[in-house]
Amino acid sequence: MQKSAIGLLRRIGIIEGISYLILLFIAMPLKYFADFPILVQIFGMAHGILFVSFCLMLLIVWFRHRWSFIRVLWAFMASLLPFGTFLLDIRLRKE
């Protein structure tokens, strides 16, 4: 990965995507089916911090690389969907 703002956005996106998947597919089922809510608190906080970091990095990339509003909106929407940041990473890697 490159050491530019886009490279950092990609790294944060991958980590944020992993935290989102852990939250959705491991922590939430354990909370509701095994009465084990602590993982939601831990991974929920981690995911929240990573999501905010992703959004801030996206703003930096927007201004440094002069991305269009539509492109930034697409990247933001990708961060809201499970596996979306992985698709974003694939698209950014091709560039």
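Presented here is a report on the structure given in the accompanying data block. The residue numbering used here restarts from 1 in each chain and proceeds along that chain's sequence as written. Only residues with pLDDT of at least 70 get local features here, since the model is predicted, and only at 80 or more are side-chain atom pairs given and counted; chain-wide, interface and lining totals rely on the full set of residues. As a rule here, side-chain values cover all heavy atoms of the structure and leave hydrogens and water aside.

Concerning the overall build of the protein chain
Under the DSSP-based scheme used, a helix requires at least four consecutive residues in state H or I and a strand at least two consecutive residues in state E, with every element numbered from the N terminus. Within the protein chain, the secondary structure is distributed over four helices and zero strands. Counted from the first residue to the last, the protein chain has its helices and strands arranged as α-α-α-α. Oriented by its inertia axes, the alpha-carbon framework of the protein chain measures out at about 45 × 25 × 20 Å. Each residue is assigned to one of three classes by its accessible area relative to the maximum for its type, calculated with a 1.4 Å probe on protein chains only: buried under 20%, partly exposed between the two thresholds, exposed over 50%. Among the 95 residues that make up the protein chain, the fraction classed as buried is 35%. For the protein chain, the computed accessible surface area is about 6,200 Å², with 73% contributed by carbon and sulfur atoms. We get accessible surface area from the Shrake-Rupley algorithm with a probe of 1.4 Å; when it comes to residues, only the shown protein chains can shield them.

Comments concerning helix α4 (residues 84-94)
Of all the residues in α4, the buried ones are G84, T85, L88, D89 and L92. Projected down its long axis, α4 carries its buried residues within an arc of 140 degrees, all on one side. Exposed side of α4, more than 90 degrees from the buried face: L87, R93 and K94 are the residues found there. By the convention used here, residues are in contact when the closest approach between their heavy atoms is within 4.5 Å. Summarising the contacts, the buried residues of α4 are in contact with α1 (5-33), α2 (38-64) and α3 (69-80). By definition, the arc is the one covered by directions from the helix axis to the C-beta atoms.

A word on the packing of α1 against α4
Fitted lines through C-alpha atoms serve as axes, helices being fitted only where they are in contact, and the angles separating the N-to-C directions of these axes extend from 0 to 180 degrees. Following both chains from N to C, one finds α1 and α4 inclined at 155 degrees, their axes separated by 8 Å at the closest point. On the basis of their axis angle, the class for α1 and α4 is roughly antiparallel. You can see that α1 and α4 cross each other, and the crossing is left-handed. When α1 is examined against α4, the residues I6, L9, R10, G13, I14, E16, G17, I18 and L21 are found in contact with a partner set consisting of T85, F86, D89, L92 and R93. Amino acids are sorted into nonpolar (Ala, Val, Leu, Ile, Met, Phe, Trp, Tyr, Cys and Pro), charged (Asp, Glu, Lys and Arg) and polar (every other residue, Gly among them). Partitioned by chemical class, the residues of the contact of α1 with α4 number seven nonpolar, three polar and four charged. Our angle categories are set so that under 35 degrees counts as roughly parallel, over 145 as roughly antiparallel, 65 to 115 as roughly perpendicular, and the remainder as oblique. By definition, turning the near helix anticlockwise from the far helix through less than a right angle yields a left-handed crossing, and turning it clockwise yields a right-handed one.

Overview of the pattern of salt bridges
Take a side-chain nitrogen of Lys or Arg and a carboxyl oxygen of Asp or Glu: if they are within 4 Å of each other, that pair is a salt bridge. The final tally for this structure, using the stated rule, is two salt bridges. The residue D89 makes a salt bridge to R93 at a minimum N-O spacing of 3.0 Å. Here D89 pairs with R93, and both are found in helix α4, just four residues apart, close to one helical turn. Overlapping salt bridges, with partners in common, bring together R10, D89 and R93 in one network.

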